[in-house]
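Overview (structure and organization)
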Amino acid sequence: MKRDPRFDILFEPVKIGPVTSKNRFFQVPHCNGMGYLRPKSLAAMRGIKAEGGWGVVCTEEVYIHSSSECDPLVEGRLWDDDDIPALAKMTEAVHEHGSLAGIELQHGGYCSTNHYSRIPPISPSPISVDSYAPIQARAMDKSDIRNFRKWHRQAALRSKQAGFDIVYVYAAHSGTLLTHFLSRRINRRTDEYGGSLENRVRLFRELIEDTKDAVGDSCAVAVRFCVEEFLGAQGITSENEGKEIVEMLAELPDLWDVNISDWSMDSATSRFESEGYQEPYMAFVKSMTSKPVVGVGRFTSPDTMLSLIQRGVMDMIGAARPSIADPFLPKKIEEGREDEIRECIGCNICVMSDELSVPISCTQNPTMGEEWRRGWHPERIEPRNSDDGVLVVGGGPAGLECALALGQRGYRVILAEASQELGGRVSRESRLPGLAEWGRVRDYRVLMLERMANVSIYRENPLSADEIFEFSAEDQFDYSHVLLANGSSWRRNGLGRIHREPIPGLDKLKVFTPDDIMDGVLAKGRVVVFDDDHFYMGGVLAEKLRREGHDVLLVTPAPDISTWTHKTLEQKKIQKQLMDLGVELATQTNLTAAETGKVELSCIFTERKIERECDSLLLVTERIPNDGLFNSLNGDPERLTNAGIKTLKCIGDSFAPATIAAAVYSGHLAARELQAEPQEEVPFLRERIQI
Ligand code: ADP
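Residues numbered from 1 in each chain as written. Predicted model: local features only at pLDDT ≥ 70, side-chain atom pairs only at ≥ 80, totals over all residues. Heavy atoms only, no water.

Digging into the site of the ligand
For clarity, the threshold we go by: We call a residue near a molecule or strand when any one of its heavy atoms sits within 4 Å of it. Two N or O atoms form a polar contact when they lie within 3.5 Å of each other; inside protein one atom must be a possible hydrogen donor and the other a possible acceptor, and for residues adjacent in sequence the pair counts only when both atoms belong to side chains.
Every one of the 22 residues lining the ligand counts as a neighbour, but Ala398, Glu417, Arg425, Leu463 and Asp653 are closest to it. Backbone polar atom of leucine 463 to a nitrogen atom of the ligand: 2.9 Å apart, as the coordinates give it.

Observations concerning the sheet that holds strand β26 (residues 609-613)
Definition in use: Paired strands, as defined in this entry, are two strands with at least two bridges between them according to DSSP. Numbering of helices and strands runs from the N terminus, with a helix taken as a DSSP run of H or I at least four residues long and a strand as a DSSP run of E at least two residues long. Each axis is a line fitted through C-alpha atoms, and for a helix only the stretch in contact is used; angles between axes span 0 to 180 degrees, taken between their N-to-C directions.
Strand order in this open sheet of 3 strands is β24-β25-β26, and the pairing throughout is antiparallel. The sheet is open, and its two edges are formed by β24 (589-595) and β26, each paired on a single side. Ignoring strand direction, the axes of neighbouring strands in this sheet form an average angle of 30°. With 6 bridges joining them, β24 and strand β25 (residues 598-603) adopt antiparallel strand pairing. The residue bridging alanine 594 from the neighbouring strand is valine 599, located in β25.

Some points on the side chain of threonine 621
Going by this rule: Only protein chains enter the accessibility calculation, which uses a 1.4 Å probe; a residue is then buried when its area is under 20% of its type maximum, exposed when over 50%, and partly exposed in between. We call two residues contacting when some pair of their heavy atoms lies within 4.5 Å.
One can find threonine 621 in the loop between β27 (616-620) and β28 (623-625). Given the relative accessible area of 3%, threonine 621 is considered buried. Polar contacts involving the side chain of threonine 621 include one to the main-chain carbonyl oxygen of leucine 495, which spans 2.8 Å. When neighbours within four sequence positions are excluded, threonine 621 is seen to be in contact with Trp490, Arg491, Gly494, Leu495, Gly496, Phe530, Asp532 and Asp533.

Considerations on the packing of helix α2 (residues 84-95) against helix α3 (residues 142-162)
Rules: Any angle that falls under 35 degrees is termed roughly parallel, while one over 145 is termed roughly antiparallel, one within 65 to 115 roughly perpendicular, and all others oblique. In this scheme the handedness of a crossing depends on how the near helix is turned from the far one: anticlockwise by less than a right angle means left-handed, clockwise means right-handed. Residues are grouped as follows: Ala, Val, Leu, Ile, Met, Phe, Trp, Tyr, Cys and Pro are nonpolar; Asp, Glu, Lys and Arg are charged; every other residue, Gly included, is polar.
At their nearest, the axes of α2 and α3 sit 8 Å apart, and the two run at 50° to each other. By the criterion of interaxial angle, the relationship of α2 to α3 is oblique. Crossing geometry of α2 relative to α3 is assigned as right-handed. Packed against α2, whose contacting residues are Ile84, Leu87, Ala88 and Thr91, the element α3 presents Arg158, Gln161 and Ala162 at the interface. Taken together, the residues of the contact of α2 with α3 sort by class into 4 nonpolar, 2 polar and 1 charged.

Quick look at the layout of surface pockets
The condition that has to hold: Buried and open spaces are told apart on a 1 Å grid over the protein atoms alone, a cavity being a set of points where a 1.4 Å probe fits but cannot get out and a pocket being an open set with protein on both sides within 12 Å along at least five of seven lines. Residues with an atom within 4 Å of a point are the lining residues. Grid points are joined across faces, edges and corners, and a volume is the space filled by probe spheres set on the points.
Of the volumes computed, that of the second largest pocket is approximately 1100 Å³. Forming the walls of the second largest pocket are 46 residues, and the residues nearest its centre are Leu37, Arg38, Pro39, Ser41 and Glu687. At the level of secondary structure, the elements contributing two or more residues to the lining of the second largest pocket comprise α1 (39-51), β4 (56-63), β5 (76-77), α2, α12 (349-355) and α22 (660-673). Here the lining of the second largest pocket is composed, by residue class, of 24 nonpolar, 9 polar and 13 charged.

Things to note about the sheet that holds strand β23 (residues 584-586)
Taken together, the 5 strands give an open sheet; going across it, the order is β20-β27-β21-β22-β23, and neighbouring strands pair in parallel fashion. Sheet topology places β20 (510-512) and β23 at the edges, where each strand pairs with a single neighbour. Pairwise comparison of adjacent strand axes, ignoring direction, gives a mean angle of 20° for this sheet. For strand β21 (residues 527-531) and β27, the ladder comprises 5 bridges, and the chain directions are parallel.

As for α22
Defined as follows: Any helix carries an expected span of 1.5 Å times its number of residues minus one.
The end-to-end C-alpha distance of α22 is 20 Å, a good match for the 20 Å that 14 residues give at a rise of 1.5 Å each. All of the buried residues in α22 are Ile660, Ala661, Ala663, Val664, Ser666, Gly667, His668, Leu669, Ala670, Ala671 and Arg672. The positive-phi residue at the C-terminal boundary of α22 is glutamine 675, with phi of around 60°.

What about unusual backbone geometry?
In this structure, the amide linkage connecting aspartate 71 to the following residue, proline 72, adopts the cis form with an omega of 5°. Note on placement: proline 72 falls in the loop between β4 and β5. With an omega of 0°, the peptide bond between serine 261 and aspartate 262 qualifies as cis. Mapped onto the secondary structure, aspartate 262 falls in the loop between β12 (255-260) and α7 (263-266). For serine 357, which is not glycine, the phi torsion reads 60° and is therefore positive.

Topic: a nonpolar patch on the surface
Quick reminder of the rule: Grouping into patches uses exposed residues only, defined as over 30% relative accessible area, and leaves out salt-bridged ones; the cut-off is 9 Å for like charges and 5 Å for nonpolar side chains (Val, Leu, Ile, Met, Phe, Trp, Tyr). Accessible surface is estimated by sampling points in the Shrake-Rupley manner with a 1.4 Å probe; for residues, cover comes only from the protein chains shown. Salt-bridge detection follows one rule: a side-chain nitrogen of Lys or Arg within 4 Å of a carboxyl oxygen of Asp or Glu.
A grouping of Leu37, Ile689 and Ile691 is seen on the molecular surface, where their side chains present a nonpolar patch of about 420 Å² in accessible area. Position of leucine 37 among the secondary structure elements: in the loop between β3 (25-27) and α1. Exposure remark for leucine 37: the relative accessible area of 37% places this residue in the partly exposed category.

Observations regarding the packing of aromatic side chains
Applicable threshold: Each Phe, Tyr or Trp ring, with Trp reduced to its six-membered ring, pairs with another whose centre is within 6.5 Å; inter-plane angles below 30 degrees give stacked pairs, above 60 give edge-to-face pairs, and intermediate values give tilted ones. Two limits define a charge over a ring: the Lys NZ or Arg CZ must be within 6 Å of the ring centre, and within 35 degrees of the ring normal.
In this structure the tally under the stated criterion is 11 aromatic pairs. A ring pair is formed by tryptophan 438 and tyrosine 536, whose centres lie 4.8 Å apart and whose planes are at 90°; its orientation type is edge-to-face. In this pair, tryptophan 438 sits in the loop between α14 (425-429) and α15 (440-450) while tyrosine 536 sits in helix α18 (residues 536-547), placing the two residues 98 residues apart along the sequence. Judged by relative accessible area, which is 7%, tyrosine 536 ranks as buried. Each residue in the set Phe11, Phe25 and Trp54 is aromatic and connected to the rest through ring pairs, giving one cluster. Above the plane of the ring of tyrosine 36 lies arginine 77, whose end atom (NZ or CZ) is 3.8 Å from the centre. Stacked on the ring of phenylalanine 284, the Lys or Arg lysine 243 has its end atom at 5.3 Å from the ring centre.

So far we have only geometry, and geometry alone does not tell us how the molecule works.
Set out below in structure tokens:
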């Protein structure tokens with residue numbers, strides 16, 4: 001297909017100092033949980049971004065010296081020459097596709113706890129480290145500043161040696177030493193590096209000059225700068241110091257990559273911000289510099305991208321999460337297939353992987369993080385191994401992805417879904433407050449499936465075991481493989497992490513589950529929500545009920561609300577929103593019993609009990625896999641054989657309830673593995689430390 005000429009402008013080359021990007025698509029630095037520990041995985045993942053058409057592909061933050069490390073988090077490392085070969089793998093993979101490779105050099109200052117190196121952290125002024133660790137950073141003296149400049153210069157030279165085309169001077173997010181020097185809250189120095197804005201900017205300026213001097217002949221020197229910290233007058237704002245700093249340094253770097261801080265604001269989820277949310281803060285930058293400007297804002301719409309360039313907001317479309325969800329986003333626009341873009345849903349499962357120090361994963365893109373380990377490609381898949389037909393039962397995220405990947409392999413696929421609507425939990429959950437974009441998991445897959453001649457979708461078809469046995473031989477169906485993606489159901493008895501036995505007295509109170517609420521059953525009067533699940537569901541249902549006018553008390557044994565959402569950078573926002581809405585919160589509290597018109601709550605430490613009156617109770621604890629169908633079929637091997645069913649598999653939440661990302665992954669894996677070599681025999685591929 002030919003691309004829409006309207007989008008030609010997105011494919012114009014952009015000169016960045018001494019190098020030129022082939023187009024305006026810029027994969028900004030992003031963490032991935034691979035870092036220095038898993039260089040082959042990293043190179044394969046970045047290479048696929050380049051193959052997918054990103055003109056520039058950057059690293060994550062790459063730490064330049066042992067005085068700044070964030071173990072156990074896994075980021076990049078360029079401490080000495082021995083780190084060069086690992087990074088060179090990435091630049092080779094990126095260059096193979098004619099893209100530029102960028103490196104974000106990082107020193108975390110007081111935000112590096114240095115548990116591994118055991119070197120006291122450094123900072124412009126003495127300050128406690130940025131966690132609850134009992135460590136304080138020491139103030140840098142002049143020789144420390146000289147050393148820091150030297151380390152940065154050496155890292156820039158090593159970057160050039162590793163083959164990078166763009167070297168960043170990094171002063172964004174809250175965790176970089178340069179940001180700390182810029183900040184009047186943190187920099188309390190009285191020498192020429194503290195006090196006035198000019199003094200606080202001095203080190204930033206020196207570093208840009210040093211880097212240009214060291215590698216500027218052949219590498220572009222980019223800055224990443226945060227124009228808004230959301231700290232009012234105490235911080236950098238796009239109204240005052242953010243603007244002044246850009247003005248002071250306007251023509252010094254070769255490129256301005258600008259964003260907002262901290263990371264939870266920069267990588268805001270779709271629950272809190274929609275596409276383009278950073279524009280109001282960064283729009284001023286272009287008018288102050290002739291150098292190319294990059295910005296981000298979870299851009300997935302080619303029309304938005306076009307408008308950003310045409311309106312002069314930015315010169316290059318920056319993306320981290322959209323490039324994770326669809327590494328081939330630029331290629332799809334280039335080839336006139338923009339409707340096939342797998343749009344980021346803004347859920348931050350990618351961030352979660354990084355926070356867990358494991359290779360990155362993505363709800364929309366099950367191949368993300370598996371490019372090296374499993375050899376998965378987001379756009380290519382092994383062709384089918386036979387002419388067998390396949391039945392997929394259940395059209396939730398697992399079933400949809402499984403049917404799609406099987407369809408792409410060329411199998412004849414029948415997808416049967418009980419309800420009228422496809423999408424399963426994704427459709428239901430996307431109707432909850434703030435979660436509308438999650439519907440993209442369904443939309444992308446349904447669009448692709450409906451275009452496939454070899455896939456038939458049967459809605460309103462709840463299949464029983466008998467029907468599955470009987471239909472298998474019918475000419476119009478004729479399948480030899482059955483994949484069951486029947487989902488899961490929320491428990492109604494309170495079983496979960498804290499209760500290994502049902503909560504007593506539940507028969508005396510009106511009890512709801514999340515399924516009831518999502519099915520439109522209305523809660524009554526005062527509602528107690530008991531959250532022993534700890535991800536988003538408890539918080540989002542409390543929000544929904546409150547918005548519908550209920551008095552809501554949210555009870556959780558965890559130390560804070562929706563505590564797992566720390567890993568998606570949402571926890572503070574969720575708790576604040578619930579407090580602002582007037583939801584009453586009881587943390588570190590168990591719900592020990594229900595009685596007529598009330599519940600009994602208990603402190604998780606002292607077991608001191610209190611009673612609270614309520615009209616209904618919503619239990620958000622644990623899910624039961626809907627594996628009844630699987631058990632019936634699996635329990636009758638003779639009938640399976642007689643029906644010509646060669647393989648039977650249970651996938652997604654009906655196998656093991658987890659995240660939507662896990663369900664999509666499970667569906668994809670099952671599709672890849674159908675009639676392939678049995679994977680149980682293959683050792684789990686890992687990057688081993690060479691000794
Ligand atoms: P997952 O996350 O594993 O994909 P979901 O709960 O989102 O699970 O989706 C499961 C889907 O399977 C739902 O849309 C449900 O209606 C459908 N389903 C469950 N049992 C059957 C069945 N016996 N026949 C057809 N569809 C079914």
